[in-house]
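An overview of the molecular structure
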Amino acid sequence: MTFRKALAVAAVALAAAACGPKEKAIKIAVAVPLTGDMGTEGQGLRRAVELAVEEANAAKRFPFKLVAAPYDDRADPKEAVNVANLITSDPNVIAVVGHYNSGCATPAAKVYARAPVAMVSPAATNPEVTAQQDSKDWMGPRVVFRVVPTDDVQGSYAAMFAAKKLGKKRMALLHDKSPYGQGLAEEFKKGFVAGGGKIVSEDGISVGDKDFKALLTKIKSDPSKPEGVYFGGLYTEAGLLLKQMRELGLKDPFAFISGDGSMTFGLFDVAGDAADGAYLSIVGVPADELPSAKKFVDDYKARFPNDERKPFDHFGYEAANIIMAAMERAGGPDRAKVIEELRKTKHEGVLGTTVFDGKGDTTSKIVTMTRAVAKKRAFDSVR
Amino acid sequence: MLIQQLVNGLTLGAIYSLIALGYTLVYGILTMINFAHSEVLMLGAFMALGLAALLPAVFGTGLVGLAGMFVLSMAGAGLINVIIERFAYRPLRHISRLAPLISAIGVSIILQNGVFIWISTQSLRFPEPVAIDQVNVLGATISSLQIIILAAALLLMGILHFFVEHTKLGKAMRACSDDIQTAGLMGINPDYIIALTFFVGGALGGAAGVLYGMNYGSIKYNLGFLPGAKAFTAAVLGGIGNIRGAVLGGFILGFLEVLASGYIPNGAQWRDVIAFTVLIIVLLVRPSGLLGEKIAEKV
């Protein structure tokens, strides 16, 4: 076949596809990074929502078919806004599970508010994501909900952990200047200073930087002798920091503490054995340790036997179930009614009881501290 | 702390220098910037990753396996660069100076997205080539990896120097760099020499990619962008088209970055600003870079 012929055939095929029967199913959008560094996390969330939707379809909870419609925001705020516009322009989308990153959720929420479409985030932890709805120029109703506790809870928990459990008095602070990373680091600082500790240095790095040796050398030879590093950021940079720290001889008892953005299996791909002993906090409780999540863990394993379950998947599953419950109470796929019903949520599920406060945040404020074990590729809870 | 920082700067500078050599060689001969060079180095790292899985069966582990992986990745990266030249630059060589430049950017995007789609969008673990030991020298911690990186980079630079200055092919390269048309009239096949230059430049880029992977322990489809941009800067800083200039520029940039993040409060945020400010100042004072571009003598 010549190139021209192939082109003509392709064009006809495209036209045929465009004229095919319209998708009638009601959609729950999953707006998460499906490619790029955070892609594995997003893929995990997509699977979790799919599982929830399939269960609802199998149980015939609704008189129509429900699908999970994935949208890739590539963990990029600009792309998140594009995706949000796509989602709001599709009348079949009833609500959104997403976004993964706070940096994406914040601008995307503005788009959802104008529609309005409800957004239930399974992972964005920056307080601003819900707090921005109080600003004067907020156009639309409150549409943001989230099933994860926020960074102020996570940061101050890590600070308390560093001071009380590890007995640290002087810490160095690092963050990646993102809304998530910097927010987390600032909450840590507040908590640590309030507890009588001292932050000896504060440095920002850039997402995408690879070489932190110079910075770590500075921290290592700091005359005020920091006893550890708190890092607000994501796993790629956390992994490189860990690897280069170990190469410079910064090992136990010199602590590395970070948040849930670093707590993912990708950390082991970047840092290798150097990840060992890193302390990482995660909001909520890991699914494996939640009795209420037992069924979810088993079902997930049965449905996706070849995929590793990611740390946020149970939040994604819960977010989808909360949306479906709201739709049930609303009596059908009506975007505005779903938002109203979401406000009144009192959901018994995988995470226990979820209730949203006035801002849309979950009233649950549990944070768990974990420790990385490279050999097992696991994060063990520290009690 | 200063000694430790100098060691950090040396490793960083060695990698920058190797990449900068690729830019400078190509510029020296064609006066064009090969913007696909950063992707050649990325592909070098990916080939090394693939070979690391295959080679132990052939060469065994240890230094022989490492050298095998190194040489094959270099050859592969060099070949890719030759292919890029053949299909994306040569047909455009006589049209204008802008066309191959744009085509280079296109190739760069194709290669990056190709790896993104076909291989992985995520960071892949790069195997540790040797067990990492630490040596303490004057209070500085130097890892065996840093020594390997520095030694490999210096060795390659030495070989390149010998090749360009003391072999017949090197002489032909220099002749083409001086005046490609006249060199053609003197019995040198310019196409062949250009392909050779791309091979050598690509091989050095590939080597830098492998060293880069070893140094940071993980590789990703877009790893070439930042070091590529930095090394391009280094080549310009030292005087693009000048081999010694590229090496000098690479080390200067490495030291600048390390000293900026080590000694300026919150310098890690500012190091790129500082490095590029220095570049602008140098170019304002000495537009041809520190060691200057060779100016053809016109008679």
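Residues numbered from 1 in each chain as written. Chains lettered and ligands numbered in written order. Predicted model: local features only at pLDDT ≥ 70, side-chain atom pairs only at ≥ 80, totals over all residues. Heavy atoms only, no water.

Moving on, we get to the overall build of chain A. Within chain A, the secondary structure is distributed over 13 helices and 14 strands. The globule rule puts the C-alpha radius of gyration for 383 residues at 21 Å, and the 22 Å found for chain A is close to it. On the principal axes, the C-alpha backbone points of chain A span a range of 70 × 60 × 45 Å. The buried share among the 383 residues of chain A stands at 60%. Looking at chain A as shown, the accessible area adds up to about 15,100 Å², and 57% of this sits on carbon and sulfur atoms. (Helix = DSSP H or I, 4+ residues; strand = E, 2+ residues; numbered from the N terminus. Rg over C-alpha atoms; globule rule 2.2 N^0.38 Å. Buried < 20%, exposed > 50% of the residue type's maximum accessible area, 1.4 Å probe, protein only. Areas by Shrake-Rupley, 256 points an atom, 1.4 Å probe, with all protein chains shown as cover.)

Next up on the list: the pattern of salt bridges. Side-chain pairing between opposite charges can occur once the charged atoms of the two side chains come close. Taken as a whole and judged by the stated rule, the model has 35 salt bridges over all chains. Between Asp90 of chain A and Lys27 of chain A there is a salt bridge, with the nearest N and O atoms lying 2.8 Å from each other. Highlighted residues: Asp90 of chain A in the loop between helix H3 (77-88) and strand S3 (93-98) and Lys27 of chain A in strand S1 (residues 26-32), separated in sequence by 63 residues. Given a relative accessible area of 15%, Lys27 of chain A falls into the buried group. Where Arg271 of chain B meets Asp209 of chain A, a salt bridge forms, and the shortest distance between an N and an O atom there is 3.6 Å. On the criterion of chain membership, the pair formed by Arg271 of chain B in helix H12 (residues 267-285) and Asp209 of chain A in the loop between strand S7 (198-204) and helix H8 (213-220) is interchain, its members lying in two chains. Taken together, the salt bridges that share partners define one network made up of Asp209 of chain A together with Lys230, Glu257, Arg271 and Asp272 of chain B. (Salt bridge = Lys/Arg side-chain N within 4 Å of Asp/Glu carboxyl O.)

Take the confidence of the model for chain B next. Residue and element names in this part refer to chain B. Mean pLDDT for chain B: 88, with 95% of residues reaching 70 or above. Per-element averaging of pLDDT across chain B places helix H3 (residues 56-59) at the bottom with 67 and helix H9 (residues 190-216) at the top with 94. The complex model carries a pTM of 0.85, and its ipTM stands at 0.85. (pLDDT = per-residue confidence, 0-100.)

Moving on, we get to the environment of Val32 of chain A. Residues and elements named next belong to chain A. Counting through the fold element by element, Val32 comes out in strand S1. The class for Val32 is buried, based on a relative accessible area of 0%. Taking the C-alpha atoms as reference points, Val32 and Arg74, 42 residues apart in sequence, are found 7.2 Å from one another. The residues contacting Val32, other than those within four sequence positions of it, are Gly42, Leu45, Tyr71, Asp72, Asp73, Arg74 and Tyr100. (Contact = heavy atoms within 4.5 Å.)

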